[in-house]
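Observations on the model geometry
Okay, here's what each chain looks like letter by letter:
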Amino acid sequence: MNVLGRDDGGGGADDGRNSSPASVRLGSFLARDGSDGAAVGMDADSPHAAVVLGKRGTGKSYTLGVIAEGLADAVGVAPVVVDPMGVFGGLTDIGGRVVDPAVRPADIPASVWPDLVGLDPADGPGSLLWRVVADATERSGPTSDVSPSIESLRWAVSEADAPDRTRRAVRNHLRLAESWGVFDAAAPPVTAFAAGGDPTVLDLSGTPEVAAGAVVRAVARGLYDARVNGTVDRLPWLLVDEAHAFFDGVADPALRTLLTRGRAPGVSLVCATQRPSALPDVAVSQSDLLVAHRLTAGPDVDALATAEATYLAGDLVARLPTGTGEALVVDDASETAHSVRVRERRTPHGGGDPRARDTEAARSERAARIEEAARDEEPTRTDRSSGGERVVGTAGRGP
Ligand SMILES: Nc1ncnc2c1ncn2[C@@H]1O[C@H](COP(=O)(O)OP(=O)(O)OP(=O)(O)O)[C@@H](O)[C@H]1O
């Protein structure tokens, strides 16, 4: 198998096998005539930053699932999938687990709390919240496993030396944060998500965007810190679907840290998005692997200009594939770009365009119509089987 992402020149052949403990089977090279070529994979031995791009329905989530499956087979890694649409549940078929993630309030820095709950940090309520969270986390100590609960923060706000209106505003905003259901002072540290080699799917479907951002921030930063401090042995891979939404909120600094500094301590980041123009430039410029499915919108195609290294000879747009599941893979390590057909998933994919015909309503309507049609036909059959004495609807014309 040809393995992309390895700095050994020429793409790094991997002794001809289709899979390897140190690589992820991606699919096969796609020839100009549309036929499949040799097997192609991506390196899973070293940390990477990668982006998966493409307009809606071109196969981004599917490709992310293919990567997660491959990582489940690789050794020494810990895949963690951020799943805002609830489409990665099929990974349980290969031992993955789906969790409703909870993080500890202390996993979010005091300075970020005002922004998180929609308060201006420079105003009275915002600065009170900042101070209360800072005091509460400081009391627990910087390396403490103990986090204040939202309830205890609300109590501390009630006791604070501040005008009534200010305290009331902060308590209300904390109540809102509590209602998101993603904060739990007793939650295990985020490193628990990277404890094993099977994929952990963080199911954020139905979670408000700002709350999902808080989880992603806590997980991204927590995994980075854990690798820096040496408290996580495996190399974590954070796979983020719909990544543009997370670069637009409190998760942004943590994701940027992974993009720019994550590889040194061993944390990989794979971002999938339909809106590359909504990602910061560093997302594309810092990625050493770029998987581009079909893109048509002007600004999104322009966003790829950052990746248009000399080996693409300025021809990126012309080389973008057209078929679902086809991608142009740009490999910084070997300075090559290849057309690839992404392989089929081993586990069920939960995405795809919704079809009216696939709904429960359509199924029961179809069943009702079949039943009705059968009822209409039934008397005719009965009459024939009973000797054809009379044909229903033609009374009087029988024998
Ligand atoms: N490599 C592939 N092989 C076979 N089928 C594929 C492949 N990639 C995608 N598909 C098909 O295309 C459908 C859409 O793919 P997917 O859900 O990944 O799109 P998407 O780009 O993530 O869309 P969205 O932006 O709406 O999330 C899938 O349900 C699947 O049926």
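- An unreviewed UniProt entry lists the chain under the name ATP-binding protein, from Halorubrum rubrum.
- Here is the UniProt Sequence similarities (unreviewed entry) comment for the chain, exactly as written: "Belongs to the HerA family."

Looking at the pairing of strand β7 (residues 200–203)
- The pairing of strand β5 (residues 77–83) with β7 spans four bridges and is parallel. Its bridge partner being in β7, V82 is matched across the sheet by L202.
- Note that strand β6 (residues 97–99) and β7 share three bridges and pair parallel. Bridge pairing links R97 to T200 in β7.

Here we look at helix α5 (residues 164–179)
- Its 16 residues give α5 an end-to-end C-alpha distance of 23 Å, which sits within 8% of 22 Å, the value for a rise of 1.5 Å per residue.
- Residues of α5 that are buried: R167, A169, V170, H173, L174 and A177. With its buried residues spanning 160 degrees around the axis, α5 presents them on a single face. Along α5, exposed side chains directed more than 90 degrees from the buried face belong to D164, R165, N172 and S179.
- One or two residues past the end of α5 sits G181, with phi positive at roughly 75 degrees.

Observations regarding the pairing of strand β9 (residues 268–273)
- Among the six residues of β9, six are classified as buried, and the element is accordingly described as predominantly covered.
- Here β9 shows two buried faces, one formed by S268, V270 and A272 and the other by L269, C271 and T273.
- Note that strand β4 (residues 49–53) and β9 share five bridges and pair parallel. By the bridge assignment, L53 is partnered in β9 with T273.
- Across four bridges, the pairing between strand β8 (residues 235–240) and β9 is parallel. Residue L239 lies in a different strand from β9, and its bridge partner there is V270.

Looking at unusual backbone geometry
- The phi dihedral of E242 falls on the positive side, at around 50 degrees, and the residue is not glycine.
- By the secondary structure assignment, E242 is in the loop between β8 and α7 (252–261).
- Assessed through the 20 C-beta atoms surrounding it within 10 Å, E242 is described here as buried.
- Located in the positive-phi region is E335, a residue other than glycine, with phi close to 50 degrees.
- Since 12 C-beta atoms lie within 10 Å of it, E335 is described here as exposed.

Describing α7
- Within α7, the full set of buried residues consists of A254, L255, L258 and L259. Angular distribution of buried residues about the axis of α7 spans 140 degrees; they occupy a single face of the element.
- Those residues of α7 hidden inside the fold are in contact with β4, α6 (209–229), β8, β9 and α8 (281–285).

Observations regarding the environment of A186
- Mapped onto the secondary structure, A186 falls in the loop between α5 and β7.
- Residues A186 and P163, spaced 23 residues apart in sequence, show a C-alpha to C-alpha distance of 31 Å.

Concerning the packing of α6 against α7
- With their axes 8 Å apart at the nearest point, α6 and α7 run at an angle of 35 degrees to one another. Crossing handedness for the pair α6 and α7: left-handed. Contacts between α6 and α7 involve R217, A220, R221 and Y224 from the former and A254, L255, T257 and L258 from the latter.
- The residue makeup of the contact of α6 with α7, split by class, is five nonpolar, one polar and two charged.

What to know about the domain arrangement of the chain
- Entries for the chain in the domain assignment read domain 1 (45–97 + 193–342) and domain 2 (106–179).
- Computed from C-alpha atoms alone, the centre-to-centre distance between domain 1 and domain 2 is 32 Å.
- With six residues of domain 1 at the interface, the matching set in domain 2 holds five residues.
- Each residue belonging to the side of domain 1 that touches domain 2 can be placed in one class, and the counts come to four nonpolar, one polar and one charged.

What counts, and where the lines are drawn
Sequence order as written defines the numbering, with residues in each chain counted from 1. Two thresholds apply to this predicted model, a pLDDT of at least 70 for residue-level local features and 80 or more for giving and counting side-chain atom pairs, whereas whole-chain, interface and lining totals are computed over all residues. UniProt positions are given in the numbering used here, feature names are shortened, and annotations may be inferred rather than shown by experiment. Any two strands between which DSSP finds at least two bridges are classified as paired. We count a stretch as a helix when DSSP gives it H or I for four or more residues in a row; a strand needs E for two or more, and each element gets its number in order from the N terminus. A helix's residues, less one, multiplied by 1.5 Å, set its expected span. Any residue surrounded by 20 or more other C-beta atoms within 10 Å of its C-beta is treated as buried, while 12 or fewer makes it exposed and the intermediate range makes it partly exposed; C-beta atoms here are placed from the backbone. Here the arc refers to the directions that run from the helix axis out to each C-beta atom. Placing a C-beta atom from the backbone of each residue, one calls two residues in contact when those atoms lie within 7 Å. For helices, the fitted line uses only the C-alpha atoms of the stretch in contact; every axis is such a line through C-alpha atoms, and the angle between N-to-C directions lies from 0 to 180 degrees. The sense of a crossing depends on the near helix, which, turned anticlockwise from the far helix by less than a right angle, makes the crossing left-handed and, turned clockwise, makes it right-handed. Under the grouping applied here, Gly and all other residues not named as nonpolar or charged are polar, the nonpolar ones being Ala, Val, Leu, Ile, Met, Phe, Trp, Tyr, Cys and Pro and the charged ones Asp, Glu, Lys and Arg. Note that the domain bounds reflect an automated or database-derived domain assignment.

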